[in-house]
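Architecture and fold: a report
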Amino acid sequence: MNTALKHWREAATVILAAGLRHTPNADSLKTGLEKVTNIAHRSSFDYRVLLLKRSGNSGFMPNAYVFPGGLVDASDFSSEWQEIFKSFTKAPNYGIGIVKQPPETRPPIFATDRAKLGSPIPGDVAFRICAVRETFEESGVLLVVPKQEESGIWVHTDDACDSDTQPTLTRLSGLWDKDVLSKWRSLVIGDSANFLKMCKELQCLPNIWALHEWGNWLTPIGLYGKQRRYDTAFYICCLNDTPHTLEDEKEIVHFKWSTPSEVLHSYKSKEMWIAPPQFYDLGRICQFPALKDLHRFAWKRSLEGCEQWLPVHLKASDCFANILPGDALYPENVDPSGTTGGVMKTEKSLEELQRDSANLHRMVDVDNPSKYHSKL
């Protein structure tokens, strides 16, 4: 946990993609025209992703649908995790593997030497612990491995043949009954440090190996009320089956398991609101209708690293856009602290902006619908 940060609060989130069950859930029991119009958005995908609706009383993005996740806690970096992971401390990054990306181009959230900040737990491990803990708190989905099954965990080694082998889709353990998990969930919600205690008592390990690095987003300046700003590590986890899910009814008031295209359709139809990172990443995921292909892609790219993306806002005459690195309009020098810059403005129309830009990497909101454009 980096307490020296002045402008950001570190956080972690996970995109949960789960294989379809053969029984419909409450959200999929639709009739009439709504069912007909949505069938195309479901039929091409053999999995769904989890989205959680934030409370209307939330100080950050109220009523938005988000991926599970939240702020890093000091306990996620506790040295006591070394005992939990003692069978893996000799493997590179506890078996997650070493990212190939050069340190100088690696986002600071991942590149920071946590030992210099007083923690022996690598950042790549601690942020995954955070994502697992927050997912349990917000949705009740517990991504852990029983201690007795740790010998079956597939870990990265220094062997170059690693990339030729792909682990199977993640299966959740049914070792503990609902009452036990409900008790611990309440305790963890009350105090994040109880997650470490829970893992000790239940003799389980956060399944950090099931979470594959996906991205890093910074909250832009000038948005979301009093401007809480986050430096968020994004991961993706592919489950073989849709797990039992239950909102915490505090921060989260509703959940939806939907196909990526269903979510984007609902967003464009103004039935729900999602933030730009969710919109962008669901667009990426739409390229993989089959869960096995998404899992293979996530696994193979997990050690390639990622870019840090700080959207820059552009207000045009007839649209609003989030400009991303690589776009022709992205400023050459962006203040990463966000203390300067703010929103760019232009009198040009969307048509002119699209025509005059050689490279497009932007999300454009023309009120209805919202569009993502990329020519990189």
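Residues numbered from 1 in each chain as written. Predicted model: local features only at pLDDT ≥ 70, side-chain atom pairs only at ≥ 80, totals over all residues. Heavy atoms only, no water.

For the record, the criterion: UniProt positions are given in the numbering used here, feature names are shortened, and annotations may be inferred rather than shown by experiment.
Named according to an unreviewed UniProt entry, the protein is Acyl-coenzyme A diphosphatase NUDT19 originating from Cirrhinus molitorella. Annotation of the protein in UniProt includes, under Sequence similarities (unreviewed entry), the sentence "Belongs to the Nudix hydrolase family."

**Description of the overall build of the protein**
The following threshold applies: Each helix is a run of H or I in the DSSP string that is no shorter than four residues. Each strand is a run of E no shorter than two, and both are numbered from the N terminus. Buried residues are those whose accessible area, probed at 1.4 Å on protein chains only, stays under 20% of the maximum for their type, while exposed residues exceed 50% and partly exposed ones sit between those limits. Residue contacts are defined here by distance: any two heavy atoms, one from each residue, within 4.5 Å place the two residues in contact. Note on areas: these come from Shrake-Rupley sampling with a 1.4 Å probe, and a residue is covered only by the protein chains present in the view.
Of regular secondary structure, the protein possesses 10 helices and 15 strands. Counting only residues that meet the buried cut, the protein has 53% of its 376 residues in that class. Once local pairs closer than 6 in sequence are excluded, the contacts in the protein between residues at least 24 apart make up 76%. When the accessible surface of the protein is split by element, carbon and sulfur atoms take 51% of a total near 17800 Å².

**With respect to helix α8 (residues 276–285)**
Within α8, 9 of the 10 residues are buried, which leaves the element mostly enclosed by the surrounding structure. For α8, the set of buried residues is Pro276, Pro277, Gln278, Phe279, Tyr280, Asp281, Leu282, Arg284 and Ile285.

**Quick look at the side chain of Ser266**
Along the chain, the position of Ser266 falls in helix α7 (residues 260–268). Its relative accessible area of 13% is what places Ser266 among the buried residues. The contacts of Ser266, once residues within four sequence positions are left out, are Glu271 and Met272.

**Structural notes on unusual backbone geometry**
Phi at Asn93 takes a positive value of approximately 50°, unusual for a residue other than glycine. Here Asn93 is to be found in the loop between α2 (81–84) and α3 (108–111). The backbone of Tyr94 shows a phi angle near 60°, a positive value even though the residue is not glycine. The buried category is assigned to Tyr94, whose relative accessible area is 5%.

**Comments concerning helix α6 (residues 194–202)**
Within α6, the full set of buried residues consists of Asn194, Phe195, Leu196, Met198, Cys199 and Leu202. Its buried side turned inward, α6 meets α2, α4 (123–139), α5 (178–190) and β6 (204–206).

**Overview of the nonpolar core**
The test is simple: What makes a nonpolar core is a set of buried Ala, Val, Leu, Ile, Met, Phe, Trp, Tyr and Cys residues whose side-chain atoms join them at distances within 4.5 Å.
Membership of the largest hydrophobic core comes to 54 residues, with the highest contact counts inside it found for Leu16, Trp81, Phe85, Phe195, Trp209, Leu211 and Tyr235. Among the nonpolar cores identified, the runner-up in size contains 29 residues, and Phe234, Cys238, Val263 and Ile285 belong to it.

**Observations concerning the environment of Thr170**
Here Thr170 lies in the loop between β5 (144–146) and α5. A relative accessible area of 11% places Thr170 in the buried class. When the C-alpha atoms of Thr170 and Leu239 are compared, they prove to be 4.6 Å apart, with 69 residues separating the residues in sequence. For Thr170, the contacting residues outside a window of four places in its chain are Asn207, Ala210, Cys237, Cys238, Leu239 and Asn240.

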